[in-house]
Amino acid sequence: MSNLNFLHSGGNKVTLSAPDSNPSSDVTLKLPQADGSADQFLKTDGSGALSFATPTDTDTVGLAMADQWRRTATLNTNGGSNFITTDWNRVSGGGFGTLGTGMSESGGIFTFPSTGIYLVTWQAYAETSSTSGVNAVNIYITTDNSSYNNSASALFSMEYDMSGYNYGNGHCSAMIDVTDTSQVKVKFRVYSSGSVAWDISSSQNRNCATFLRLGNT
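So, here is what we can say about the structure in this document.

Parameters and conventions
Residues numbered from 1 in each chain as written. Predicted model: local features only at pLDDT ≥ 70, side-chain atom pairs only at ≥ 80, totals over all residues. Heavy atoms only, no water. Helix = DSSP H or I, 4+ residues; strand = E, 2+ residues; numbered from the N terminus. Rg over C-alpha atoms; globule rule 2.2 N^0.38 Å. Buried < 20%, exposed > 50% of the residue type's maximum accessible area, 1.4 Å probe, protein only. Contact = heavy atoms within 4.5 Å. Areas by Shrake-Rupley, 256 points an atom, 1.4 Å probe, with all protein chains shown as cover. Lys, Arg positive; Asp, Glu negative; His and termini not counted. Charge placed at Lys NZ, Arg CZ, Asp CG, Glu CD. Pairing = 2+ DSSP bridges. Polar contact = N/O pair within 3.5 Å; in protein donor to acceptor, adjacent residues only side chain to side chain. Disulfide = S-S within 2.5 Å. Phe/Tyr/Trp six-rings, centres within 6.5 Å; stacked < 30°, edge-to-face > 60°. Salt bridge = Lys/Arg side-chain N within 4 Å of Asp/Glu carboxyl O.

## Overview of the overall build of the chain
Across its full length, the chain carries 0 helices and 15 strands. Its C-alpha atoms give the chain a radius of gyration of 26 Å, more than 25% over the compact-globule value 17 Å for 217 residues. Taken across its 217 residues, the chain has 34% of its residues classed as buried. Summarising the internal contacts of the chain: among those between residues at least 6 apart in sequence, 66% fall at separations of at least 24. Accessible area of the chain: about 12400 Å², with a carbon and sulfur share of 47%. In the chain, 11 side chains carry a positive charge and 17 a negative one; their mean positions are 3 Å apart.

In structure tokens form, the structure reads like this:
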């Protein structure tokens, strides 16, 4: 095996070695003309040309993106369903944090920052001063940026049996294969058979969506 040694003035050396097994053909690697920036890595174009590049979400090993959005205004429903189209805000401050390039939102539709496998969860917090026997929270997914399908559901009941308010919550999740960020998107829905307030807090996650990018598609 051939080695290329770089001897330091202090006496120790750095060694570059040929592969353990004989390559199927000659290999030529062309170094970049200049040094890269801090935290960049050396990558190949597949033809032997090396360059420095900045890691992206898809280059990250392990959890690549974590983002969380909460409702900022109470929504009231009574005998019907509502897609959550307004009053979303990314969770921040008070110890909350995000990882990587987060989601973007417009009209309640969430767009993913890059392709990959994502875990999306939707938790809901509701209260009523009467009775609401059937309440639902749902995650809707589109794969063509047009037709949405109900892909995750949670049901709960709130029966009025005391003065003041009764409370309930729902939680559902979906593993989404985002093969095209312009086509695969999500939105959220709530339903109640009775008069329900989907309440909010400026410091707590009550009605809240969480997005985790787990790896490449």
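## Side note on the pairing of strand 15 (residues 208-215)
Two faces make up the sheet, and in a regular strand the side chains alternate between them. Counting buried positions along strand 15 gives 6 out of 8 residues, so the element sits mostly inside the fold. Note: strand 5 (residues 65-71) against strand 15, 6 bridges, orientation antiparallel. Each bridged residue has a counterpart across the sheet, and for alanine 66 the counterpart in strand 15 is leucine 212. Direction of pairing for strand 10 (residues 116-128) relative to strand 15: antiparallel, over a ladder of 7 bridges. Following the sheet pairing, leucine 119 is matched in strand 15 by leucine 212.

## A word on the side chain of arginine 206
Examined against the element boundaries, arginine 206 turns out to sit in the loop between strand 14 (185-198) and strand 15. A residue is classified by how much of its surface remains accessible, and arginine 206, at 18% relative accessible area, is buried. Of the polar contacts made by the side chain of arginine 206, one reaches the side chain of glutamine 204; its length is 3.0 Å. Among residues more than four places away in sequence, those in contact with arginine 206 are Gln123, Ala124, Tyr125, Asp199, Ile200 and Ser201.

## Comments concerning the state of the cysteines
Inspection of every chain in the model, using the stated rule, returns 0 disulfides. Cysteine cysteine 172 remains unbridged, with the sulfur of cysteine 208 as its closest cysteine sulfur at 12 Å.

## Notes on the packing of aromatic side chains
Going through the model one piece at a time under the given rule, you end up with 13 aromatic pairs. On the basis of an interplanar angle of 85° and a centroid distance of 5.1 Å, the ring pair of tryptophan 88 and phenylalanine 110 is categorised as edge-to-face. Of this pair, tryptophan 88 sits in strand 7 (residues 88-90) while phenylalanine 110 sits in strand 9 (residues 109-111), and the two are 22 residues apart along the sequence. On the accessibility criterion, tryptophan 88 (8% relative accessible area) is buried. Assessed through its relative accessible area of 0%, phenylalanine 110 is described here as buried.

## A word on the pattern of salt bridges
Inspection of the entire model under this criterion finds 3 salt bridges. Here arginine 71 ties to aspartate 87 by a salt bridge, and the two come within 3.9 Å at their closest N and O atoms. Within this pair, whereas arginine 71 is found in strand 5, its partner aspartate 87 is found in the loop between strand 6 (75-83) and strand 7, the two being separated by 16 residues in sequence. Taking the relative accessible area as the measure of exposure, aspartate 87 reaches 35% and is therefore partly exposed. Its salt-bridge partner being aspartate 199, residue arginine 206 comes within 3.4 Å of it at the nearest N-O pair.

## Some words on the environment of lysine 43
With respect to the helices, strands and loops of the structure, lysine 43 is situated in strand 3 (residues 41-44). On the basis of relative accessible area, lysine 43 is assigned to the partly exposed category, the value being 40%. Through-space distance from the C-alpha of lysine 43 to that of threonine 54 is 9.8 Å; in sequence the pair is 11 residues apart. Among residues more than four places away in sequence, those in contact with lysine 43 are Ala49, Leu50, Ser51 and Ala53.

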